[in-house]
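As a plain string of letters, each chain reads:
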Amino acid sequence: GPPSIWIDIAATSTFVPSRLLDVDDDRVLGIAVADVEWQRGLPSTGIGLYPWGSDATGAEFRWTGRWASLPLQTNGAEAVISVHAPHPDIEQSPVLVDFFWDATLKHTVELAGPEQVEVRVPVDVARGTQGVLSLRVDRTWNPVTTRMPANTREFGVGITRVEWR
């Protein structure tokens, strides 16, 4: 299931302190990590998600990163969410999306085109129960690779608001 903490750091360069300063330190260093602060719960807006936006038709959606989690109160047996993956190479290299309910893998979808796909995630708990819906995308894409240099975000999939059935 989803990790309790996941940190993905990609240092683009390193340095050796003794080459820059008059110190006896030949370690190859990348970044320094400060204290990790633990939250008691997820923010109501979730984590791993970009703000709400809309497509050309005005339909609301928000982008995920590689992982995203939403705290939800159940109102049915299935969480229904639509996803789309307009990755530039989606037809040649499909995107896999895993759906978890409270850290248990419930469903996996392979997206092989840019069209929106409705996904039903069984939750198997009583109505009114609090839980967490998480998505894990096997690969992201970056608009910079499609000649949109002003946008450096890493996108997983676009998702709609969750409905219940």
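Quick note: structure is the one above.
Quantities reported herein were computed from a predicted structural model and do not represent experimental measurements. (Residues numbered from 1 in each chain as written. Predicted model: local features only at pLDDT ≥ 70, side-chain atom pairs only at ≥ 80, totals over all residues. Heavy atoms only, no water.)

Caption draft 1: The overall build of the chain, seen in detail. Looking only at helices and strands, the chain has one helix and 10 strands in total. Here the C-alpha radius of gyration of the chain, 19 Å, is well above what a compact globule of 165 residues would show, namely 15 Å. Summarising its shape, the C-alpha atoms of the chain cover approximately 65 × 40 × 25 Å along the three principal directions. Classification of the 165 residues of the chain by burial places 34% in the buried group. Considering only intrachain contacts with a sequence separation of at least 6, the fraction spanning at least 24 residues in the chain is 63%. With the model as given, the accessible surface of the chain reaches about 10400 Å², and the carbon-plus-sulfur share is 50%. For the chain, the separation between the mean place of its 14 positive charges and that of its 21 negative charges on side chains is 5 Å. (Helix = DSSP H or I, 4+ residues; strand = E, 2+ residues; numbered from the N terminus. Rg over C-alpha atoms; globule rule 2.2 N^0.38 Å. Buried < 20%, exposed > 50% of the residue type's maximum accessible area, 1.4 Å probe, protein only. Contact = heavy atoms within 4.5 Å. Areas by Shrake-Rupley, 256 points an atom, 1.4 Å probe, with all protein chains shown as cover. Lys, Arg positive; Asp, Glu negative; His and termini not counted. Charge placed at Lys NZ, Arg CZ, Asp CG, Glu CD.)

Caption draft 2: Just the pattern of salt bridges, in detail. Tallying each qualifying case throughout the model produces eight salt bridges. We note a salt bridge from Arg161 to Glu60, for which the minimum N-O separation is 3.3 Å. With Arg161 in the loop between strand E9 (158-159) and strand E10 (163-164) and Glu60 in strand E3 (residues 60-73), this pair connects stretches of sequence that are 101 residues apart. The class for Glu60 is partly exposed, based on a relative accessible area of 42%. For Glu118, the salt bridge is made with Arg165, and the minimal N-O distance between the two is 3.1 Å. With Glu118 in strand E7 (residues 117-122) and Arg165 in the segment after E10, this pair connects stretches of sequence that are 47 residues apart. Using a relative accessible area of 43% as the deciding quantity, one classes Glu118 as partly exposed. (Salt bridge = Lys/Arg side-chain N within 4 Å of Asp/Glu carboxyl O.)

Caption draft 3: Geometry of empty space enclosed by the protein. Applying the stated criterion to the full structure yields one cavity of 30 Å³ or more. Its boundaries defined by the atoms lining it, the largest cavity holds a volume of some 30 Å³. Lining the largest cavity we find Asp55, Ala59, Glu60, Phe61, His84, Gln116 and Thr160. Class assignment for the residues of the lining of the largest cavity results in two nonpolar, three polar and two charged. (1 Å grid on protein atoms, 1.4 Å probe; cavity = no way out; pocket = protein on both sides within 12 Å on 5 of 7 lines; lining within 4 Å. Points joined across faces, edges and corners; volume = space filled by probe spheres on them. Nonpolar A, V, L, I, M, F, W, Y, C, P; charged D, E, K, R; others polar.)

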